[in-house]
Amino acid sequence: MNHQGISEIFFEETYSVPPEQTARALFSRLPHGSDYAERLIECLATGYLVAVVESICIREMQRHVDAASEVVVGRIVQMEHKGPIPPGSSLKLRGWVERLGERSATFCVQASDAHEVVCESSVTLVAVQRALMESRIAAKVGALVVSPVGDFVGGARGRCAARVLTSSSREPETS
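Residues numbered from 1 in each chain as written. Predicted model: local features only at pLDDT ≥ 70, side-chain atom pairs only at ≥ 80, totals over all residues. Heavy atoms only, no water.

**Student:** In this structure, what is going on with the packing of aromatic side chains? I would like to understand it.
**Tutor:** Each pair of aromatic rings is reported with the distance of its centres and the angle of its planes. Going through the model one piece at a time under the given rule, you end up with one aromatic pair. For the pair phenylalanine 27 and tyrosine 36, a centre-to-centre distance of 6.0 Å together with 45 degrees between the ring planes defines the contact as tilted. The exposure class of phenylalanine 27 is partly exposed, given its relative accessible area of 24%. By relative accessible area, which is 28% here, tyrosine 36 ends up partly exposed. (Phe/Tyr/Trp six-rings, centres within 6.5 Å; stacked < 30°, edge-to-face > 60°. Buried < 20%, exposed > 50% of the residue type's maximum accessible area, 1.4 Å probe, protein only.)

Encoded structure:
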């Protein structure tokens, strides 16, 4: 990973929002979203906005790693989707590296349309050894088994506390 090169990253580019990236279009393709997709608005889905922002940051960082031995992966995405973005809109995306770690870079990215700032985000990417990541993926693929819905390997960890529904209230309770 070339720290000097990554520390100098700044980008400014335009993205034209295609009609197939709306919330309605995305959710109509998902089994649990198809029932209500038609009630959604015709604006860029937040999931696609995340993908657009992250892909630009990955492209920029990828230019400063050894592609034969390293791969850039997402670690943290924090995003405030601040305004609607209809299909056909032109987004201006501006981003830069605001923090650099030993193997990571955190980007600040803002997106605007012709009317307002529609997105502010922070994206942390990590350059990992390609062989290590490929072996971790291979181990998971080799161990694929069907388990009952709702089972979590090793229990719930991290930011999301385990929640259970009580039969009487149907409201989630912290366990």
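Once the structure has been displayed, the description carries forward.
**Student:** Please explain the pattern of salt bridges as it appears in this structure.
**Tutor:** Tallying each qualifying case throughout the model produces eight salt bridges. Between glutamate 12 and arginine 94 there is a salt bridge; the shortest N-O distance is 2.7 Å. Residue glutamate 12 is found in strand β1 (residues 10-16), and its partner arginine 94 is found in strand β3 (residues 90-100); the two are separated by 82 residues along the sequence. For glutamate 12, a relative accessible area of 42% puts it in the partly exposed group. (Salt bridge = Lys/Arg side-chain N within 4 Å of Asp/Glu carboxyl O. Helix = DSSP H or I, 4+ residues; strand = E, 2+ residues; numbered from the N terminus.)

**Student:** I'm lost on the pairing of strand β4 (residues 104-112) in this one. Help?
**Tutor:** When a strand is regular, its side chains alternate between the sheet's two faces. Two strands pair when backbone bridges link them, and β3 and β4 are joined in this way by eight bridges, in the antiparallel orientation. Within β4, the residue paired with leucine 93 across the bridge is alanine 111. If you look at the hairpin formed by β3 and β4, you'll find three residues sitting between the two strands. Bridge analysis of β4 against strand β5 (residues 117-129) gives nine bridges, and the strand direction is antiparallel. Of the residues in β5, the one forming a bridge with phenylalanine 107 is valine 123. Between β4 and β5, which follow one another and run antiparallel, lie four residues. (Pairing = 2+ DSSP bridges.)

**Student:** Even after reading the chapter, I still don't get the environment of serine 89, so can you show me in this structure?
**Tutor:** Tracing the backbone through its elements, the reader meets serine 89 in the loop between β2 (70-81) and β3. Through-space distance from the C-alpha of serine 89 to that of aspartate 113 is 6.8 Å; in sequence the pair is 24 residues apart.

**Student:** What is the right way to read a nonpolar patch on the surface from this model?
**Tutor:** Among the surface-exposed residues, Ile137, Val141 and Leu144 lie close enough to one another that they form a single nonpolar patch of about 320 Å² accessible area. Mapping isoleucine 137 onto the fold places it in helix α4 (residues 130-142). (Patch = residues over 30% accessible without salt bridge, like charges linked within 9 Å, V, L, I, M, F, W, Y side chains within 5 Å. Areas by Shrake-Rupley, 256 points an atom, 1.4 Å probe, with all protein chains shown as cover.)

**Student:** Is there a simple way to think about the nonpolar core in this case?
**Tutor:** In globular proteins that are soluble, nonpolar side chains generally tend to be buried together. Residues Met61, Leu91, Leu93 and Phe107 are the most contacted members of the largest nonpolar core, which totals 31 residues. Every element with two or more residues in this core is listed here: α2 (23-28), α3 (46-62), β3, β4 and β5. Looking at which element gives the most residues to this core, the answer is α3, with seven residues. (Core = buried A, V, L, I, M, F, W, Y, C linked by side-chain atoms within 4.5 Å.)

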